[in-house]
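Structural overview for review
Each chain, written out:
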Protein chains: 2
Amino acid sequence: MSALKKKILIVVMDGLGDRGCKELNGLTPLQATDTPNLDWFTKNGIAGTCDTVDIGIRPGSDTSHLSILGYDPLKVYTGRGPFEAAGIGLIGKHDDVAFRCNFSTCDENLNITDRRAGRIDKPDTTELIRSLKGMNINGVEIIIKEGTEHRAALILRGSGLSADVTDADSHDTGPLNLSKGRTKEAEFTANVINKFVKESYERLKDHPVNKRRIEEGFPPANIIVPRGAGSFPKIQSFPEKYNISAACVAGVGMIKGICGVCGLDVIDLPDECTGGCSSNFVTKAKAAMETLKEYDFVLMNVKAPDVCGHDGDPLLKCRVVERLDEMAGYFRENFRDDMVIVFTADHSTPCSLGDHSGDPVPITVYTPGNVMDDAVKFSESGCSHGRIGRIRGIDIVPMCMDLADRVEKFGA
Amino acid sequence: MSALKKKILIVVMDGLGDRGCKELNGLTPLQATDTPNLDWFTKNGIAGTCDTVDIGIRPGSDTSHLSILGYDPLKVYTGRGPFEAAGIGLIGKHDDVAFRCNFSTCDENLNITDRRAGRIDKPDTTELIRSLKGMNINGVEIIIKEGTEHRAALILRGSGLSADVTDADSHDTGPLNLSKGRTKEAEFTANVINKFVKESYERLKDHPVNKRRIEEGFPPANIIVPRGAGSFPKIQSFPEKYNISAACVAGVGMIKGICGVCGLDVIDLPDECTGGCSSNFVTKAKAAMETLKEYDFVLMNVKAPDVCGHDGDPLLKCRVVERLDEMAGYFRENFRDDMVIVFTADHSTPCSLGDHSGDPVPITVYTPGNVMDDAVKFSESGCSHGRIGRIRGIDIVPMCMDLADRVEKFGA
């Protein structure tokens, strides 16, 4: 096989799939919106529908992105903690247990009065975190880092740890939860977490930053409350698994974290790529095309359609779809013939539901010289006319690797 | 996710799928018949095709209904006995071995002269069964109950039992078979069965009911002949597995049995719902809608199309399809917005074959606010234009649970 190995770009439009919306006469935002560029790729490429995890499973963005990268989340996903930690640059080792944390405010009885400590942010959190470094509890190393606003991530490193513990975060104001082991084995970890929470209060309560905050009328960030325990999955890194250099272009921490855990390089983005609805999609598309000069595989995530779905706003989702189509237009104009491009979503976020659903998402794949099938419209219904049929998220990378002429022959 | 959890109704039109019929100019009964109501659901809902067990597998009604309820029959199906037993109200425990039985007529050398004892029926069978109660053979408890006409079910309960035994029923007149163990371990069970058959003759041969039958010129039911050994599967009950209350509306014993074994409540039906071609489908539909007030999941089975297929009568099957469409019209008129409805079949019963085939069956699913796809006709070919694609029977419940907004999110 002498063909040139092509590059692969997967454009994940987060939460793009939808259901029929009353406000759109029973159509989905994709069905109701003119998308000439996405349709061009559909008409000239191949199309289908995709259950990112499996039929009827409502995926999170974490489990669905793992699937899209070719990892079965039913085997490797243990919880959100490690991906959040990785999203702020704390990529742990296998067997480390990671947690998402909040800087919170509590009274002297450790009753939580503000779960987000008045949405405290850097540089206060950076300074507060410093006083928590170097801790060791019962032989377990404590690694902690601040995230955006009141968020932080925590890693426990040592022997005998388990992720099978309940949250210290009660997800409400009032008394703090005690973390508990769901198994006998996990009690040691729960005990470490409970000691850490108390120690964080001891170290933070009289911290100069908090004294200043109180003086200025802000709630002090005097306690760290962990949740979402998970251990880092033991997986073969993506570049090794597929023998391809790989990077991710994403604004949202958790997506960066998932890609980071899977061994993709995480590319820094311009500030205008926020992950929100006002994020500049074309700027992000440019960054993806730039990244594709250096790498052979790029996963790009655009968060905005998911936000519209969660907000239950089909009209805003239609506007976002229009802008996604402009982004697709940028790819069309700047297309390089040595690439395979995929447009899909990680899951549906129907506006009528305001949350993720298990409905399959549209997928279209284009590369010059592929088979043209009969699908002509990029939508939940339109893509189902294509020759991809109904596939799973873990099928996407193998399919693209083949279209990119990067797969070894099996047999003779 | 705050959405209302919807109810689910699966309408299984038994053996509805077909192949092209000469008598219908190469069309199937569904293709050849006007079905405005089934088409309405297809046009406004989503459609596809379904291999209830797997591609190319010719399912029985038992294995296909297990699949439709989300159980892999390749894992849980051991034989027809337990489902027939359950169908007449004998739901055994895991490790019990169950058999279907016939009341038969034999001579004094135990040669069968009439496999069905002149199609004997209640109340004679009820009286005869009484004399067989309380038996215990080699420490094995014998539980037996009469069914319709000459049918009965038998359960063996005790330790060391195996379902891996051949039938005592030779499926013909003439010498009785001796049941044999297919494995060394199963010889004990075969021995118990052979002793039971002989003991049934001893207890029945001079029974007053049989003396009376002989006087009246009817064949005596003087022996019980078991077949179809199977052990009750060890499965999580459907209501527990899916966290939903569930019932079944069916006329045929075996379907009731399968639903009963899976933990669905079996609803008593009016006499006009016989399971035959003359059964009143609208009355059954009313019963299903009534049941849906009390339960969140209902499986309804209509047997008639299967009967036409077995009889090789495509014109009669077209008439039955017309009446199934009237039934669909009842559902359309009495539709409740908080429900997901599924129209499908458990398998194809092509008239040209006169038996079940492995051809995939059409499926359409409708709930207000779903994605409208481009399928418009409910038939083997028409449904294949829809976005469901080609699925398996075990995918149906997970898909519906998602559309009913009853699935927990996997990940974040």
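What you see is a predicted model, and the numbers here were worked out from it, not measured in a lab.

1. Examining the overall build of chain A
- Helices and strands together make up the secondary structure of chain A, namely 14 helices and 16 strands.
- Computed over its C-alpha atoms, the radius of gyration of chain A comes to 23 Å, within 12% of the 22 Å expected for a compact globule of 412 residues.
- Along the first, second and third principal axes, the C-alpha set of chain A runs to 65 × 55 × 35 Å.
- Evaluated residue by residue, chain A yields a buried proportion of 59% over its 412 residues.
- Taking the contacts inside chain A whose residues are at least 6 apart along the sequence as the reference set, 74% of them involve residues at least 24 apart.
- About 16200 Å² of surface is accessible on chain A, with carbon and sulfur atoms providing 47% of the total.
- In chain A, 49 positive and 59 negative side-chain charges are present, and the distance between their average locations comes to 2 Å.

2. Observations regarding unusual backbone geometry
- The linkage connecting A:Lys122 with the following residue, A:Pro123, adopts the cis geometry, with an omega of 5°.
- Inspection of the secondary structure puts A:Pro123 in the loop between strand E5 (111-114) and helix H6 (124-130).
- Although it is not a glycine, A:Leu110 sits at a positive phi angle of roughly 65°.
- Note that A:Leu110 resides in the loop between strand E4 (97-106) and E5.
- Even without being a glycine, B:Asn25 presents a positive backbone phi close to 55°.
- Tracing the chain through its elements places B:Asn25 in the loop between strand E1 (7-13) and helix H1 (29-32).

3. Description of the sheet that holds strand E13 (residues 339-344) of chain B
Residue and element names in this part refer to chain B.
- The sheet built from eight strands is open, its strands ordered E11-E10-E12-E1-E13-E14-E2-E15 with mixed pairing. Across the chains shown, the open sheet's two edge strands, defined by having one partner strand only, are strand E11 (265-266) and strand E15 (389-392).
- In the sheet, strand E2 (residues 46-51) pairs with strand E14 (residues 361-366) via five bridges, with the strands oriented antiparallel. The residue bridging threonine 49 from the neighbouring strand is proline 362, located in E14.
- The sheet contacts of helix H11 (residues 281-294) involve E1, strand E10 (246-249), strand E12 (297-302) and E13, and relative to E12 the element is tilted by about 170°.

4. Some points on the environment of B:Leu204
Residue and element names in this part refer to chain B.
- As for its placement among the helices and strands, leucine 204 is situated in helix H7 (residues 187-204).
- The exposure class of leucine 204 is buried, given its relative accessible area of 0%.
- Dropping the residues within four chain positions of it, leucine 204 is found in contact with Leu128, Ser131, Leu132, Asn210, Ala221, Asn222, Ile223 and Ile224.

5. Quick word on a positive patch on the surface
- On the surface, a cluster of positive charge is made up of A:Lys122, A:Arg130, A:Lys133 and A:Lys145.
- Along the polypeptide, A:Lys133 turns up in the loop between H6 and strand E6 (136-137).

6. So, the interface of chain A and chain B
- Residue-level contacts link 35 residues of chain A with 25 residues of chain B.
- Interface of chain A and chain B: buried area, both sides summed, is about 2400 Å²; carbon and sulfur atoms make up 53% of it.
- The largest share of the area that chain A buries against chain B comes from A:Arg19, A:Ile55 and A:Arg58, three residues that together contribute 26% of it.
- One can count three salt bridges joining chain A with chain B.
- The closest approach of N and O atoms between A:Arg19 and B:Asp405, which form a salt bridge, is 3.0 Å.

7. Some details on the packing of aromatic side chains
- Under the criterion given, the structure shown has 23 aromatic pairs over all chains.
- With centroids separated by 5.1 Å and ring planes inclined at 70°, the aromatic side chains of A:Trp40 and A:Tyr366 adopt a geometry described as edge-to-face. Of this pair, A:Trp40 sits in helix H2 (residues 36-44) while A:Tyr366 sits in strand E15 (residues 361-366), and the two are 326 residues apart along the sequence.
- Exposure remark for A:Tyr366: the relative accessible area of 11% places this residue in the buried category.
- An aromatic cluster of at least three residues, connected via ring pairs, comprises A:Trp40, A:Phe41, A:Tyr330, A:Phe331, A:Phe335, A:Phe343 and A:Tyr366.
- Lying over the aromatic face of A:Phe281, A:Arg323 brings its terminal NZ or CZ to 4.2 Å of the ring centre.
- Over the face of the ring belonging to B:Tyr71 we find B:Lys241, whose NZ or CZ atom lies 4.3 Å from the ring centre.

8. Re the relation of the copies chain A and chain B
- Superposing chain A onto chain B takes a rotation of 122° plus a shift of 0.5 Å along the axis, which leaves an RMSD of 0.1 Å. Such a combination of rotation and displacement between the chain copies is what one expects of a three-fold axis.
- A share of only 3% of interface residues in chain A that are also interface residues in chain B marks the association as one of differing surfaces.

9. Here's the deal with the packing of helix H3 (residues 61-68) of chain A against helix H10 (residues 253-261) of chain A
All names here are of chain A.
- At a minimum axis separation of 10 Å, H3 and H10 run at an interaxial angle of 35°. Of the two possible hands of crossing, H3 and H10 adopt the one that is right-handed. For the pair formed by H3 and H10, the contact residues are Ser61, Asp62, His65 and Leu66 on the first element and Met254, Ile255 and Ile258 on the second.
- Classifying every residue of the contact of H3 with H10 by side-chain character gives four nonpolar, two polar and one charged.

10. As for the side chain of A:Thr105
All names here are of chain A.
- With respect to the helices and strands, the residue threonine 105 is situated in strand E4.
- A residue is classified by how much of its surface remains accessible, and threonine 105, at 5% relative accessible area, is buried.
- Ignoring any residue separated from it by four or fewer positions in sequence, one finds threonine 105 in contact with Asn111, Ile112, Thr113, Asp114, Ala117, Pro219, Pro220, Asn222 and Ile223.

Definitions and limits used
- Counting restarts for each chain, with residues numbered from 1 along the sequence as it is written.
- Each chain is given a letter, starting from A, and each ligand a number, starting from 1, according to the order in which they appear as written.
- It should be noted that, the model being predicted, local features are given only for residues of pLDDT at least 70 and side-chain atom pairs only at 80 or more, the latter also being counted only at that level, while totals for whole chains, interfaces and linings use all residues.
- Hydrogens and water are ignored here; the side-chain numbers use all heavy atoms of the structure.
- Secondary structure is summarised from DSSP: a helix means a run of H or I of at least four residues, a strand means a run of E of at least two, and numbering begins at the N terminus for each.
- The globule rule is 2.2 Å times the number of residues to the power 0.38, and the radius of gyration it is compared with is taken over C-alpha atoms.
- Exposure classes here rest on a 1.4 Å probe applied to the protein chains alone. A residue is buried below 20% of its type maximum, exposed above 50%, and partly exposed in between.
- Throughout, a residue-residue contact means that at least one pair of heavy atoms, one from each residue, lies within 4.5 Å.
- Only the protein chains shown count as covering a residue, and every accessible area follows the Shrake-Rupley method with a 1.4 Å probe.
- Counted charges follow a simple rule, with Lys and Arg positive, Asp and Glu negative, and His plus the chain ends left uncounted.
- Lysine's charge is taken at NZ, arginine's at CZ, aspartate's at CG and glutamate's at CD.
- Strand pairing is assigned whenever DSSP identifies at least 2 bridges connecting the two strands.
- Helix axes are fitted to C-alpha atoms over the stretch in contact, other axes to C-alpha atoms as well, and angles between N-to-C directions run from 0 to 180 degrees.
- Every patch collects residues that have over 30% relative accessible area and no salt bridge, joining them within 9 Å if they carry like charges and within 5 Å if they are nonpolar side chains (Val, Leu, Ile, Met, Phe, Trp, Tyr).
- What counts as a salt bridge is simple: a side-chain nitrogen of Lys or Arg found within 4 Å of a carboxyl oxygen of Asp or Glu.
- Buried area is calculated as the accessible area (1.4 Å probe) missing from two parts once they are joined, with the contributions of both summed.
- In this analysis, rings of Phe, Tyr and Trp, with Trp reduced to its six-membered ring, are considered paired at centre separations within 6.5 Å, and the interplanar angle assigns stacked below 30 degrees, edge-to-face beyond 60, and tilted for intermediate values.
- Geometrically, a charge over a ring is one whose NZ (Lys) or CZ (Arg) sits within 6 Å of the ring centre while staying within 35 degrees of the ring normal.
- Overlaid copies result from least-squares superposition on C-alpha atoms, with residues included only where pLDDT is at least 70 in both.
- Left-handed describes a crossing whose near helix is turned anticlockwise from the far helix by less than a right angle; the clockwise case is right-handed.
- As a working rule, the residues Ala, Val, Leu, Ile, Met, Phe, Trp, Tyr, Cys and Pro are called nonpolar, Asp, Glu, Lys and Arg charged, and the rest polar, with Gly in that last group.

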